[in-house]
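Read off the chains here:
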Amino acid sequence: MKDLVFVGKKSNTHRETLEMLKEMFEVDVIEPTAEALRARIQLSTPALILLTLGNDAVEDAKIMNILNMDFINIPVVTIGTEYETLPFNRYYETAQFEKITPPITRRVLLDTCCSMAGVEMDLFDDGSKKHILIVDDNALTLRNIKKMLNDQYSVAVAVSAVQALTSIGRKKPDLILLDYAMPVTDGKQMYQMLQADVELAKIPVVFLTSMADEKIVVELLSLKPAGYFLKPPKQKALLETIESII
């Protein structure tokens, strides 16, 4: 299990939330102060920070600021009302931050936290939905596309080819949405790895690319994928394409 730091008071209000989190994470609860959070991160870097807003406006602001300035690589999920999250709207425009507003359901809480922390979660998959794997090194892209597909498909995400292959080993997807340009092992290399395996070669792959350059498009089409989309894709067109393939 990955470590999650819960920044908030261990009260009756949060007891149910903590119990839900323990299904998927090792949870460490700390006081909602910037000083306590900085000291905890210096001990070890957690996979995710879950921050409850509304404790103290000044401390909330300090915590959000140091997370954005000093710990930009740690994903953060906040829990608070629309009023409590309003002062921090600029943070939610980045891939580092996501918010949950009450009422909090088990599905929303675990799905959001697992997605942000890169934890695979099959708690809500009854096997009736087709399974799609999204591979992209941009966390914001992963979150946005996952939201587009969640209602109709079982969705897993991966930020690298290595993580994607691990995910495929656990559960073979019915389709892969694959970023063409990724560091270390790019989309083309991962696609070629899949094609070299008799079983994995059968999985349809749709490339995602932010480059509309004709040379890039010709190059990726030469690989004969099931399709490609320029990022960011439109939900309707993406759903229609996926439906036509699987």
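1. As for the overall build of the protein
Within the protein, the secondary structure is distributed over 10 helices and 10 strands. The C-alpha radius of gyration of the protein comes to 19 Å, within 12% of the 18 Å expected for a compact globule of 246 residues. For the protein, the spread of C-alpha atoms along the three principal axes comes to 55 × 40 × 35 Å. A buried classification covers 46% of the 246 residues belonging to the protein. Accessible area of the protein: about 12600 Å², with a carbon and sulfur share of 52%. Charge-centre separation for the protein: the mean point of 27 positive side chains lies 2 Å from the mean point of 34 negative side chains.

2. Some details on unusual backbone geometry
With an omega of 0°, the peptide bond running from Pro 102 to Pro 103 counts as cis. Following the sequence through the fold, Pro 103 ends up in the loop between strand E5 (97–100) and helix H5 (106–117). Note the cis peptide between Lys 231 and Pro 232, where omega equals -5°. Relative to the assigned elements, Pro 232 resides in the loop between strand E10 (227–230) and helix H10 (235–245). Positive phi is not limited to glycine here, since Val 184 has a value of about 65°. One non-glycine residue, Lys 224, adopts positive backbone phi at about 60°. Among the structural elements, Lys 224 can be located in the loop between helix H9 (214–221) and E10.

3. Overview of the pairing of strand E1 (residues 2–7)
A regular strand places its side chains on the two faces of the sheet in alternate fashion. Strand direction decides the pairing type here: E1 and strand E2 (residues 25–30), joined by six bridges, are parallel. Its bridge partner being in E2, Asp 3 is matched across the sheet by Glu 26. Of the crossover connections in this fold, the one passing from E1 over helix H1 (residues 12–21) to the parallel E2 is right-handed. The pairing of E1 with strand E3 (residues 48–52) spans four bridges and is classified as parallel. Residue pairing in the sheet places Leu 4 in a bridge with Leu 48 of E3.

Cut-offs used in this document
Residues numbered from 1 in each chain as written. Predicted model: local features only at pLDDT ≥ 70, side-chain atom pairs only at ≥ 80, totals over all residues. Heavy atoms only, no water. Helix = DSSP H or I, 4+ residues; strand = E, 2+ residues; numbered from the N terminus. Rg over C-alpha atoms; globule rule 2.2 N^0.38 Å. Buried < 20%, exposed > 50% of the residue type's maximum accessible area, 1.4 Å probe, protein only. Areas by Shrake-Rupley, 256 points an atom, 1.4 Å probe, with all protein chains shown as cover. Lys, Arg positive; Asp, Glu negative; His and termini not counted. Charge placed at Lys NZ, Arg CZ, Asp CG, Glu CD. Pairing = 2+ DSSP bridges. Right-handed = clockwise from strand over helix to strand, strands pointing away.

These values are about where atoms sit, not about what they do.
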